[in-house]
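# Summary of the model geometry
Single-letter residue listing:
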Amino acid sequence: ATAVLVGVSVGGMVALRAALDWPHRVAGLVLSNTAAKIGDADVWRARIEVVEEQGVGALADSTLLRWFPEGFRHANEPLVNGLTNMISRTSATGYAGVSAAIATEDLRRRLHEAQTPTLVVGGSHDMSTPPPLVAELAEALPSATLQVIDDAGHLPMVDAPERFTELLQQYLNARGTA
């Protein structure tokens, strides 16, 4: 059986890795706000230290500053407060483990192997995976199309859901999988 994988941020790295490791199982890829290499090991180690000492809640505010444009945060305060709560309740062990995995994952040397038709999505205001980083991923993939959503941050399915859904639907329709 094959599937179209849709991954966001670290989920995009996981989907990309799956497509590289099991190409016969992946019919298509949608990689949103991700890259083949995100950040460097020192940044992730620093986050792990903060989480081990203070808990994940200590990173919630700075995370949401990177994820969403200021206007969206102010206009959607209840949603942002809910996301702050969600981040704060994340397992410190789980967050540290994911951070350690991201710190070591680097798929850049394998991107030429990916033959899967891929939609790469970015947000024009994403500070976690900025547009140039997302564009670098799209350019390195042999069968990729890049779409950057204006005024969106790191989670366009949250702050630009109509546009994200439109792009996803177009991609799936083009593959006959919708």
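Report on the accompanying structure. (Residues numbered from 1 in each chain as written. Predicted model: local features only at pLDDT ≥ 70, side-chain atom pairs only at ≥ 80, totals over all residues. Heavy atoms only, no water.)

### Focus on unusual backbone geometry
Leaving glycine out, the prevailing phi sign among residues is negative, and the prevailing peptide bond configuration is trans. Even without a glycine there, the phi angle at S9 is positive, about 60°. Along the chain, S9 turns up in the loop between strand 1 (3–8) and helix 1 (10–21). Using a relative accessible area of 19% as the deciding quantity, one classes S9 as buried. Positioned with a positive phi, D151 is a non-glycine residue whose angle comes to about 65°. (Helix = DSSP H or I, 4+ residues; strand = E, 2+ residues; numbered from the N terminus. Buried < 20%, exposed > 50% of the residue type's maximum accessible area, 1.4 Å probe, protein only.)

### Section: the packing of aromatic side chains
Going through the model one piece at a time under the given rule, you end up with one aromatic pair. Taking the centre distance of 5.1 Å and the plane angle of 25° together, the rings of F68 and F72 count as stacked. Look at F72 and you get buried, because its relative accessible area is 14%. Directly above the ring of W44 sits R47, whose terminal nitrogen or CZ lies 4.5 Å from the centroid. (Phe/Tyr/Trp six-rings, centres within 6.5 Å; stacked < 30°, edge-to-face > 60°. Lys NZ or Arg CZ within 6 Å of the ring centre and 35° of its normal.)

### Concerning the packing of helix 2 (residues 41–54) against helix 3 (residues 57–67)
Where helix 2 meets helix 3, the closest approach of the two axes is 9 Å, and the angle between their N-to-C directions is 140°. With respect to each other, helix 2 and helix 3 are oriented oblique. Touching R47, V50, V51 and Q54 of helix 2 are A58, L59 and R66, all from helix 3. The residue makeup of the contact of helix 2 with helix 3, split by class, is four nonpolar, one polar and two charged. (Axes fitted to C-alpha atoms, helices over the stretch in contact; angles between N-to-C directions. Parallel < 35°, antiparallel > 145°, perpendicular 65-115°, else oblique. Contact = heavy atoms within 4.5 Å. Nonpolar A, V, L, I, M, F, W, Y, C, P; charged D, E, K, R; others polar.)

### Observations regarding the environment of A144
Within the secondary structure, A144 sits in strand 4 (residues 144–149). Excluding residues that lie within four positions of it along the chain, A144 makes contacts with T118, V120 and A138.

### Some points on the nonpolar core
Ranked by internal contacts, the top residues of the largest apolar core, which has 16 residues, are L16, L29, L31, L111, V120, L137 and L141. Secondary-structure elements contributing two or more residues to this core are helix 1, strand 2 (26–32) and helix 7 (131–140). Here this core gets four residues from one element, more than from any other, and that element is helix 1. In this structure, L111 is in contact with L16, A36, L137, A140, L141 and P142, ignoring residues within four places of it in sequence. Membership of the second largest hydrophobic core comes to 13 residues, among which are V56, A60, I87 and L155. (Core = buried A, V, L, I, M, F, W, Y, C linked by side-chain atoms within 4.5 Å.)

### Description of the side chain of D159
By the element assignment, D159 lies in helix 8 (residues 156–159). For the buried D159, no salt bridge is present, and the opposite-charge side chain at shortest range is R73, 8.7 Å distant. Separated by 2.8 Å, the side chain of D159 and the backbone nitrogen of G153 make a polar contact. (Lys, Arg positive; Asp, Glu negative; His and termini not counted. Salt bridge = Lys/Arg side-chain N within 4 Å of Asp/Glu carboxyl O. Polar contact = N/O pair within 3.5 Å; in protein donor to acceptor, adjacent residues only side chain to side chain.)

### Observations regarding the environment of I48
Counting through the fold element by element, I48 comes out in helix 2. Separated by 52 residues in the primary sequence, I48 and A100 place their C-alpha atoms 7.7 Å from one another. Those residues in contact with I48 that lie beyond four places of it in its chain are A96, S99 and A100.

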